[in-house]
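Fold and contact review
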2 protein chains.
Amino acid sequence: VAGNMPRSETIAAVATARGKSALAIIRISGSDAFKIFSRIVLNTKTFISAPARYIGLYTIVDSKTKEIIDEVTAVKYLAPKSFTGENMVEIICHGGTCIVDEITESIISAGARPAGRGAFTRRALENKKIDLIKAEAIRGMIESSSNFDLACARKLYNQPPVFLKEWRETLINILAEVEAIIEYEEEDENIAKIKEKSLEKLDKIIKKLEKEIKKREKIRNVENYLKVVIAGPANAGKSSLFNLLLGQNRSIVHDDPGTTRDLISENVWICGYHLQLIDSAGIRSTIHEIEKQGIERSREAYKKAGLIIWVTDASEPFSKEEIDEINSLKGKEIICVINKTDICSGKRKFDIAKKMDIEAVEISVKENRKIELVTGKIVSAIKRVSEEIEIPDMFLNERYEEKGKEVYKETCFARKEWGRPEIAAYHLRNGINRLEEIFGKKDDEEILDKIFSKFCIGK
Amino acid sequence: VAGNMPRSETIAAVATARGKSALAIIRISGSDAFKIFSRIVLNTKTFISAPARYIGLYTIVDSKTKEIIDEVTAVKYLAPKSFTGENMVEIICHGGTCIVDEITESIISAGARPAGRGAFTRRALENKKIDLIKAEAIRGMIESSSNFDLACARKLYNQPPVFLKEWRETLINILAEVEAIIEYEEEDENIAKIKEKSLEKLDKIIKKLEKEIKKREKIRNVENYLKVVIAGPANAGKSSLFNLLLGQNRSIVHDDPGTTRDLISENVWICGYHLQLIDSAGIRSTIHEIEKQGIERSREAYKKAGLIIWVTDASEPFSKEEIDEINSLKGKEIICVINKTDICSGKRKFDIAKKMDIEAVEISVKENRKIELVTGKIVSAIKRVSEEIEIPDMFLNERYEEKGKEVYKETCFARKEWGRPEIAAYHLRNGINRLEEIFGKKDDEEILDKIFSKFCIGK
């Protein structure tokens, strides 16, 4: 059984993101893939005679009404030489959501079933086209939201973690030794020596696990460092700066659907780094409950931010409120951006910021003047953070980290109960099992279901 | 010049929507497309020797650091047998935004330029691979948000509007006749006859234009009919019903990035219709300015809605406020959904709704009971609307409509000034020019720039 459907069923789903776009890809996989595709195209013969992996032009019709839906290109892959290892068709159609839905409907009414999350990859796994490590590496690559996350996924993809196997063998050795200890008398001098050596091995592995966990945690935390919050009083030009920073980088980045309901946030790509740029509500005292909540959310955003860009108006003096707010952010990476230098000099505010020991830059968003100072500051802040980052050798995604922590816990228990070898052995066995679950060795349907439920549809 | 760059430049852009997805497509087009792609892959030789339109496996690297970015499939198209008519490469990569950005960066640093909006289609147009009508039809198909919009775009794509040419010829004939009238004496009996016949022709064309404009306007208005607003007091189960209706249809529809900041809205596909389902804020009296604004927005949404689903709690009596609100919606398509029948009978409220002459259904969102009554009501409301819809023959998109209205205006002027043939001729000439602009006959860079600025990137 693949996912929740018999393996013989042919599945279909859109494999690209939804939205208005030039193109989209729809995938069909299964023994009936070619038959089903033939039912929804006008030029059936062309498709049947087309060689594998050769892109042809086709006219897609509604399988019931035979009305024309779209002109597409499509390619067939013959089993087992396809991503899933089954017969597959990849349709490249126009990217409108209406068109994609109509084609998908047509395929489904022609006999395919809508594919569940990760259904294609799961078939690839079952047909031994990829292993679980590679499957998860692909998911990691797709879902990575920072350069470091991506580096982890890529490491997993390119060189499956050999350490996993080494550690498993070491743990099995230790377990064998502990079992020997149980078997024989403790008075035996040899056994005492084994016990000591074995403990050393265990300590080493515990230390390695600890180190890995720390590396991984740093990578998870770094996502916060990549949050850049634009803060400051109302009407200082926060949103204009936000839009300007976005606009400069839009040619590559476009609009990501990252708008939250409370704070406006967009993912941008600045000098090779993926950042989350957040435009926060202006801080001011208010009696309105809802506005208070908005400001509360801004303050929470400050806490999580890796860098705060405090935008202030050159033509107005610092208010007491503003100074208090800035002081409360001490300890954070902060830059004071004195805006509107087109209408007024920022010198006075610059000096005050200097006295407060806060880096300041004078810019004009309106005249697009000295914005590079802000970008430069963002990049140097990220670089400082990145220098502390090391890509783990083993815990290269969430699931590995989770399992790894369980292994760590079990090995620590084993160490604690070293004097009681039966209990130590019990924990060692648990640890080995957890480690083996990383490979999916247990071949447990439930584990696989859990893993694949996190994939996206069409993958 | 194509767009804002010399035609010789090779351009690149992602052609699929952004977001986490299994796959994405990146396009490269231009004379250096193959050279540039060769610079970013490890297996250059495979690519060079690959036949056109044949999908191969490639390893993409950073063009500077040579670090591996992704394993992809790619296909080359040899000029002029490609979408743009130039050499092209289409890369199908993993769909993560980080990966897509890195590959795009690599292509650009290897010598390509980021493509502007519609740049690929514009090259296709310049290389005579498609005409302007087809180009705009494709844009229409991609951007259509209703079945009727899509039907318009498809009509344009499949059979370019012959009426345009007919009407142009008729107008030119009328103009020639008016010019003859100017040339000769009006006393001539023949001329008087021509004048009369010519006016008849003009009247006919004016009537046809009127009819077309009305058809088009109906289609634009129908979008509102496809807005289904879920309304009602707080805690009646509005959001639960919203999620349930979405969830039932998600297997095909997924999450569209249609969430507005004020009202939560999602595009769904119910029984073959694309709808916009809107979850509105609960109506109640409040003193808070911001909450008032939210409620104001809900009321605006009611006005634009094609169908209002008024959700009410079976376990609570109708409040005076609620009854007033429902009464104020008289004249709208409305259905009263009595929810929570799992805890209380909805009979009393059902009878009250009946007295108010409003259709009511009793359901339980919690127990997923009788939801099909709501879906059925939605579908029948849309069907009623669709029956009144006719697809225009000519004004198949916004631009055509705009130009068509200008033609209409000029012909009406000409008719009004029929007694003064010089002025009538002037307006007829204007009308013909406007009509010709639809074809892009004028070949005016400015008009083309304007048209293509509405395309998406990667198209």
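Description of the structure in this document. (Residues numbered from 1 in each chain as written. Chains lettered and ligands numbered in written order. Predicted model: local features only at pLDDT ≥ 70, side-chain atom pairs only at ≥ 80, totals over all residues. Heavy atoms only, no water.)

Along its length, chain A carries 17 helices and 12 strands. Out of the 459 residues in chain A, the part that is buried amounts to 54%. For chain A, the share of sequence-separated contacts (at least 6 apart) that also reach a separation of at least 24 residues comes to 69%. Only carbon and sulfur atoms are counted for the fraction: they give 50% of the accessible area of chain A, which is about 21,000 Å². (Helix = DSSP H or I, 4+ residues; strand = E, 2+ residues; numbered from the N terminus. Buried < 20%, exposed > 50% of the residue type's maximum accessible area, 1.4 Å probe, protein only. Contact = heavy atoms within 4.5 Å. Areas by Shrake-Rupley, 256 points an atom, 1.4 Å probe, with all protein chains shown as cover.)

Counting from both sides, the interface comprises 67 residues of chain B and, opposite them, 66 residues of chain A. Contact between chain B and chain A buries roughly 6,200 Å² in total, counting both sides, with carbon and sulfur atoms accounting for 63%. Linking A:Arg154 and B:Glu102 is a salt bridge whose minimum nitrogen-to-oxygen distance equals 3.1 Å. For the pair chain B and chain A, the number of links is 16 residue pairs in polar contact (both at pLDDT 80 or more). At seven residues, helix 3 (residues 97–109) of chain B tops the list of elements feeding residues into the side of chain B that touches chain A. Grouping the amino acids of the side of chain B that touches chain A by side-chain chemistry returns 31 nonpolar, 18 polar and 18 charged. (Buried area = accessible area lost by both parts, 1.4 Å probe. Salt bridge = Lys/Arg side-chain N within 4 Å of Asp/Glu carboxyl O. Polar contact = N/O pair within 3.5 Å; in protein donor to acceptor, adjacent residues only side chain to side chain. Nonpolar A, V, L, I, M, F, W, Y, C, P; charged D, E, K, R; others polar.)

Our focus in this paragraph is the sheet that holds strand 4 (residues 68–77) of chain A. Strand pairing in a sheet takes place through backbone hydrogen bonds and is either antiparallel or parallel in direction. All names here are of chain A. Across the sheet, which stays open at both edges, the six strands sit in the order 3-4-5-2-1-6 with mixed pairing between neighbours. Edge strands, defined here as strands with exactly one partner in the open sheet, are strand 3 (56–61) and strand 6 (113–114). Sitting on the sheet, helix 3 (residues 97–109) touches strand 1 (11–14), strand 2 (23–29), strand 3, strand 4, strand 5 (88–94) and strand 6, and the angle it makes with strand 4 is about 65°. (Pairing = 2+ DSSP bridges. Axes fitted to C-alpha atoms, helices over the stretch in contact; angles between N-to-C directions.)

Residues and elements named next belong to chain B. Taken in spatial order, the six strands make up an open sheet running 8-9-7-10-11-12, and their pairing is mixed. At either margin of the open sheet sits one strand with a lone partner, and together these are strand 8 (264–270) and strand 12 (359–362). Going across the sheet, the axis of each strand differs from the next one's by a mean of 25°, ignoring polarity. As paired elements, strand 7 (residues 227–231) and strand 10 (residues 307–313) share four bridges and run parallel to each other. For alanine 231, the partnering residue across the bridge sits in strand 10 and is tryptophan 310.

Let us look at the pairing of strand 10 of chain B. Residue and element names in this part refer to chain B. Taken across its seven residues, strand 10 has seven buried, putting it largely inside the fold. Pairing of strand 10 with strand 11 (residues 334–339), which is carried by six bridges, proceeds in the parallel orientation. Across the sheet, tryptophan 310 pairs through a bridge with cysteine 336, a residue of strand 11. Between the parallel pair strand 10 and strand 11, the chain is carried across by helix 12 (residues 320–328), and the sense of this crossover is right-handed. (Right-handed = clockwise from strand over helix to strand, strands pointing away.)

Looking now at the environment of B:Val337. All names here are of chain B. Tracing the backbone through its elements, the reader meets valine 337 in strand 11. Linking valine 337 and leucine 435, residues 98 residues apart in sequence, is a C-alpha distance of 50 Å. Dropping the residues within four chain positions of it, valine 337 is found in contact with Ile309, Trp310, Val311, Thr312, Val361, Ile363 and Val374.

Turning our eyes to something else, we now look at the pattern of salt bridges. Enumeration over the complete set of coordinates arrives at 60 salt bridges over all chains. One salt bridge in this structure joins A:Glu406 and A:Arg434, with 3.8 Å as the shortest N-O distance. Highlighted residues: A:Glu406 in helix 15 (residues 398–416) and A:Arg434 in helix 16 (residues 421–439), separated in sequence by 28 residues. Judged by its relative accessible area of 25%, A:Glu406 is partly exposed. Put simply, B:Arg299 and B:Glu325 hold a salt bridge, and the shortest N to O gap is 3.0 Å. In this pair, B:Arg299 sits in helix 11 (residues 289–304) while B:Glu325 sits in helix 12, placing the two residues 26 residues apart along the sequence.

This brings us to the packing of aromatic side chains. Scanning the entire structure with this criterion turns up eight aromatic pairs over all chains. Relative to A:Tyr58, the ring of A:Phe37 lies with its centre 5.6 Å away and its plane at 85°, an arrangement referred to as edge-to-face. Here A:Tyr58 lies in strand 3 and A:Phe37 lies in helix 1 (residues 33–39), a separation of 21 residues in the sequence. Arranged with centres 5.9 Å apart and planes meeting at 75°, the rings of B:Phe34 and B:Phe47 form a pair that is edge-to-face. Residue B:Phe34 is located in helix 1 (residues 33–39), and its partner B:Phe47 is located in helix 2 (residues 44–49); the two are separated by 13 residues in the primary sequence. Classification of B:Phe34 as buried rests on a relative accessible area of 17%. Feature note: the residues A:Phe34, A:Phe37, A:Phe47 and A:Tyr58 constitute an aromatic cluster, connected by ring pairs. (Phe/Tyr/Trp six-rings, centres within 6.5 Å; stacked < 30°, edge-to-face > 60°.)

This part takes up unusual backbone geometry. Cis geometry marks the peptide bond from A:Ala79 to A:Pro80; its omega dihedral reads 0°. Tracing the sequence through the fold places A:Pro80 in the loop between strand 4 and strand 5. Phi is positive for A:Lys66, close to 65°, though the residue is something other than glycine. Positive phi outside glycine occurs at B:Asn368, with the angle close to 55°. Turning to its location among the elements, B:Asn368 is positioned in the loop between strand 12 and helix 14 (371–387). The class of B:Asn368 is partly exposed, set by a relative accessible area of 43%.

On to helix 5 (residues 132–143) of chain B, then. Residues and elements named next belong to chain B. Taking 1.5 Å per residue, 12 residues should reach 16 Å; helix 5 reaches 16 Å between its end C-alpha atoms and fits that length. Helix 5 sits mainly inside the fold: nine of its 12 residues count as buried. Burial in helix 5 covers these residues: Leu132, Ile133, Ala135, Glu136, Ala137, Ile138, Arg139, Met141 and Ile142. (Expected span 1.5 Å × (residues − 1).)

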